[in-house]
Amino acid sequence: MKVVKKINHNVVLIDDEGIEKVAMGKGIGFSTSVNELFDPTVADKFFTLDSKEKTKVFTEMAAQIPIEFIEFSEEVIQFISKNISSQLDSNIYIALTDHIYFAIQRQKEDSQVTAIMLPEMKLLYPDEYETAKEVVALINQRYGTQLGANEVGFITMHIINAELGEPNSFNSLKILEMTKEISLALEEIYGYRFDTDSLIYSRMMIHIKFLAKRLVYQEDSSSKNIGFFSNAFKESEPYRVAFAIKKMIEEKFHLNVQENEVTYLAIHLARIQ
């Protein structure tokens, strides 16, 4: 291992056989010099991100945030990993650490930031939402804060972003927004509110979530075995409603909805009637 750069007294960027790593430990920067060999036993933690760009951002953040918050965030991320089946993108080490630190500062400054779409998060991402609730409880316990539902929403978004491999919330928020708009449009068309506690409704909303995800990421859905349904459904009410949803999505979000997506949505709508 060789020292690439001293970030501050507690953080050093090293090269380990061509792989850049961030070494952390109290006072390790005092006795190190650039291009000298680095003794790994003096470091408390090593962070390895999957790109030099992320490593650069992480080191810049580590230079500004006290080491205790970085260590606590790592504990939180390990906790999240144990509760979420999906693999988390390494960008969560940057985004969540930064967020937790400044969330605590906002609390001290009595600043209020409003989260959005909590009901949709709870319905569409139940594991992520419940994990976020526990993370907020951990923060409150460790730092004596009183972070609440808003913070649960923000932490949920960071977990979703890490699952999607996104550095920010743009696409994940777009998926949530589209899902919400489709749900509202369906209730307006049918003239009543759905039983949100029913299994059929939950399955339909999960389908809509993945529909929104495919559209946002421009992924193709399978067109296998839909010919029969396409012909049989075109005169049915579920198909007409699904086609209306297609038009709404294309007009509001400027995304093309394929014919097979309309058919699959019609099948789900037929089940809830």
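Residues numbered from 1 in each chain as written. Predicted model: local features only at pLDDT ≥ 70, side-chain atom pairs only at ≥ 80, totals over all residues. Heavy atoms only, no water.

The name given to the protein chain in an unreviewed UniProt entry is Transcription antiterminator LicT, with bioreactor metagenome as the source organism.

Asker: Hey, could you go over helix α11 (residues 259-272) for me, with residue numbers and the actual values?
Answerer: Compared with the 20 Å implied by 1.5 Å per residue over 14 residues, the 21 Å span of α11 between its first and last C-alpha is a close match. Within α11, ten of the 14 residues are buried, which leaves the element mostly enclosed by the surrounding structure. Taken together, the buried positions of α11 are occupied by Asn-260, Glu-261, Val-262, Thr-263, Leu-265, Ala-266, Ile-267, His-268, Leu-269 and Ile-272. (Helix = DSSP H or I, 4+ residues; strand = E, 2+ residues; numbered from the N terminus. Expected span 1.5 Å × (residues − 1). Buried < 20%, exposed > 50% of the residue type's maximum accessible area, 1.4 Å probe, protein only.)

Asker: If you had to explain the packing of helix α8 (residues 199-216) against α11 to someone new, which residues and values would you point to?
Answerer: Axis separation between α8 and α11 bottoms out at 9 Å; the angle between their running directions is 165 degrees. Classified by the angle their axes make, α8 and α11 are roughly antiparallel. Like other packed secondary-structure pairs, α8 and α11 cross with a definite hand, here left-handed. In this structure, α8 uses Ile-200, Arg-203, Met-204, His-207, Ile-208, Leu-211 and Arg-214 to contact α11, whose residues at the interface are Glu-261, Tyr-264, Leu-265, His-268, Leu-269, Arg-271 and Ile-272. (Axes fitted to C-alpha atoms, helices over the stretch in contact; angles between N-to-C directions. Parallel < 35°, antiparallel > 145°, perpendicular 65-115°, else oblique. Left-handed = near helix turned anticlockwise from the far one by under 90°. Contact = heavy atoms within 4.5 Å.)

Asker: Can you tell me about the packing of aromatic side chains, naming the residues and giving the values?
Answerer: The description of two aromatic rings rests on the distance between their centres and on the angle between their planes. Going through the model one piece at a time under the given rule, you end up with eleven aromatic pairs. Ring centres 5.3 Å apart and planes at 85 degrees place the aromatic pair Phe-72 and Tyr-143 in the edge-to-face group. Residue Phe-72 is located in helix α2 (residues 67-83), and its partner Tyr-143 is located in helix α5 (residues 126-143); the two are separated by 71 residues in the primary sequence. Aromatic side chains Tyr-192 and Phe-194 sit 5.6 Å apart centroid to centroid with 80 degrees between the ring planes, which places their arrangement in the edge-to-face category. Under the relative-accessibility criterion, Tyr-192 is labelled partly exposed at 37%. You can call Phe-194 buried: its relative accessible area is 10%. Directly above the aromatic system of Tyr-125 lies the positively charged group of Lys-209, at a separation of 4.3 Å from the ring centroid. In this structure, Lys-213 is placed above the aromatic ring of Tyr-217, and the distance from its NZ or CZ to the ring centre is 5.4 Å. (Phe/Tyr/Trp six-rings, centres within 6.5 Å; stacked < 30°, edge-to-face > 60°. Lys NZ or Arg CZ within 6 Å of the ring centre and 35° of its normal.)

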